[in-house]
Amino acid sequence: MTRPTAPIELLGHEARLATPAPMPEGFLELLATDCPTVTAVDATADASRDWWPLSMHWALAGQVLQRAAVVASPTTTEQVSAVMRRCNDARVPVTPAGGRSGVVGASVPVFGGVLLDLTSMQGIQSVDATSGLVAVWAGTFGPDLEAELRQQHGLTVGHYPQSFDIATVGGWVACRGAGQYSTRYGKIEQMVAGVEVVMADGSVVMTGGFPAGAQGPDLTQMFLGSEGTLGVITRVLLKAHPLPATEQRAAYAFDTFEAGLEACRRILRRGATPAVLRLYDAPESQRGQGADGTYCVLLVLDEGDAHIVNAAMNVVSEECAGARLLGDELVEKWMHHRNDTSALQALTRKGFVVDTLEIAAPWAALDRVFHDVRTAMLAVPHARSSTCHLSHSYLDGACLYFTFAATPPAEEVEATYVALWDAGSRAVLAAGGNLSHHHGVGLNRSRFIAEALGSSLPVLQAVKDALDPHGILNPGKMGLRSPFGEVQWP
Ligand SMILES: Cc1cc2nc3c(=O)[nH]c(=O)nc-3n(C[C@H](O)[C@H](O)[C@H](O)COP(=O)(O)OP(=O)(O)OC[C@H]3O[C@@H](n4cnc5c(N)ncnc54)[C@H](O)[C@@H]3O)c2cc1C
């Protein structure tokens, strides 16, 4: 059974936040009758962290932000339901977790309580090959899902996030994730046909199941991106495609990032959707694509039916007529290195602050976002770099993905990290972008949610209050009110 991957070594288990209120007497013993549980301090500390880059610095200092009192590992929906009922009755916080590959502290149990580990619920439950519908347990990791679909059914879901090996289907859905082939296959919200969810009171609901509908608002979509605050996703109905019959690749050099953006816009506006369309600014082209720092590399890959791929690549070639054609071995190189994240741990050990900020904006706003975010971040004391690539494209806009680094003195790591996020996020919002394209809000971005959602935040809060009246589900996240108090971070 695949298990979560630790982001970096944890050299202790001290909690940075105040110790939460003790669990009700006898609670842990009763919980252990619902499903397998663990209370050993090393195990609870390890399960209480994710891949949030700031928490890697804490881990090297022997700390986690908070420690759950217990890790519960249900193996069935019934067990999840029993755990939720018990926690709801006792007003104990529950933080669902999958692969714990999130990068915004979303699965950190900031008020302690139960860390609900979904990774004992793995595997494909059923496949309807005629319709291309796959029912899969939420704790299934990407490689396990795709291997079985490909080898036994000739199907693929087409969702390949960079964290493919270390994230679960439930986490993809809960965070509204995006894979590297999203321009052809869509973001996870286009891939989900329905979800089974255990609500805060332990009741089980199933949504969706149809290709389209007019039976009221789309309740499946309500749980997508809810980051464990509205319910526990136990099973997901995913749409699958036949395995691609053909693949084509190309690479181009643009003199400026803006010229490359315009080509991408025109490709999408003409209706072409090549699976991969990645445009790197000059520093990233130099760092990762072997360029000399004077031009911006666009990598293109499409796969699927030969007629459709030919048509898409013809449109790409026409719209890139003003660019220089590069060898498509650049795409091959990217294929080999695309999921390598070893630099993150190495730089963290050297004391660098490193992180990424991904946002979406309409095409008309992208030039300004590109310029303003880098300018704002580079103005932060100790900032070293802020670079960017376009990673996902749509009819009306795209995702820009910024990578930033700083070298503060050890005692200023956290302050510098917070300042960079403040500068970058506020610059995005002011320039017409949103708060997140696919990493989610979690804890790290909670402080910006009111600015990002504006008049719609009360709607989200009302949904939360209605579905989870005692506020036990992942409290302290997404900027939602918590009955357990304010999180003392940052
Ligand atoms: C190196 C690296 C690269 C990454 N690349 C990408 C990328 O390309 N695309 C992308 O979208 N993301 C990426 N991510 C972010 C992360 O992998 C995704 O957010 C992923 O979807 C999280 O899945 P998980 O199973 O690890 O969830 P976790 O980290 O365990 O949880 C994330 C959130 O989802 C909630 N949650 C998890 N499972 C459930 C469930 N079953 N029911 C209810 N709530 C649940 C948790 O409470 C938490 O709020 C990357 C992360 C890393 C470390």
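Residues numbered from 1 in each chain as written. Predicted model: local features only at pLDDT ≥ 70, side-chain atom pairs only at ≥ 80, totals over all residues.

Chemist: Before we move on, can you summarise the packing of helix α10 (residues 257-269) against helix α15 (residues 363-378) with the specific residues and values?
Modeler: Taken N-terminus to C-terminus, the directions of α10 and α15 make an angle of 160 degrees; their axes are 11 Å apart at the nearest point. Relative to α15, the element α10 lies roughly antiparallel. The element α10 and its partner α15 pack so that their crossing is right-handed. For the pair α10 and α15, the contacting residues are F257, E258, L261 and R265 in the first and W363, L366, D367 and F370 in the second. Taken together, the residues of the contact of α10 with α15 break down into five nonpolar, no polar and three charged. (Axes fitted to C-alpha atoms, helices over the stretch in contact; angles between N-to-C directions. Helix = DSSP H or I, 4+ residues; strand = E, 2+ residues; numbered from the N terminus. Parallel < 35°, antiparallel > 145°, perpendicular 65-115°, else oblique. Left-handed = near helix turned anticlockwise from the far one by under 90°. Contact = placed C-beta atoms within 7 Å. Nonpolar A, V, L, I, M, F, W, Y, C, P; charged D, E, K, R; others polar.)

Chemist: Help me get a handle on the domain arrangement of the protein, residues and values and all.
Modeler: On domain assignment, one finds that the protein holds domain 1 (14-120), domain 2 (124-242), domain 3 (246-337) and domain 4 (342-451). A straight line from the C-alpha centre of domain 1 to that of domain 3 covers 43 Å. (Domains from an automatic or database assignment.)

Chemist: So what's going on with the sheet that holds strand β6 (residues 114-117)? Residues and values would help.
Modeler: In space, the four strands of this open sheet follow the order β2-β4-β6-β5, with mixed pairing throughout. Both outer strands of the open sheet, β2 (37-38) and β5 (94-97), are each paired with one neighbouring strand and no more. Bridge analysis of β5 against β6 gives four bridges, and the strand direction is parallel. From the neighbouring strand, T95 faces β6, where its bridge partner is L115. Docked against the sheet, helix α4 (residues 77-90) engages β4 (70-72), β5 and β6, running at close to 165 degrees with respect to β6. (Pairing = 2+ DSSP bridges.)

Chemist: Tell me about the sheet that holds strand β11 (residues 204-206), and please be specific about residues and values.
Modeler: Read from one edge to the other, the open sheet built from five strands follows the order β7-β8-β12-β10-β11, with strand pairing classed as antiparallel. Looking at strand neighbours, the two that pair on one side only are β7 (124-128) and β11, the edges of this open sheet. Strand-to-strand twist in this sheet, taken as the mean axis angle between neighbours without regard to direction, amounts to 10 degrees. By the bridge criterion, five bridges tie strand β8 (residues 133-137) to strand β12 (residues 232-239) in an arrangement that is antiparallel.

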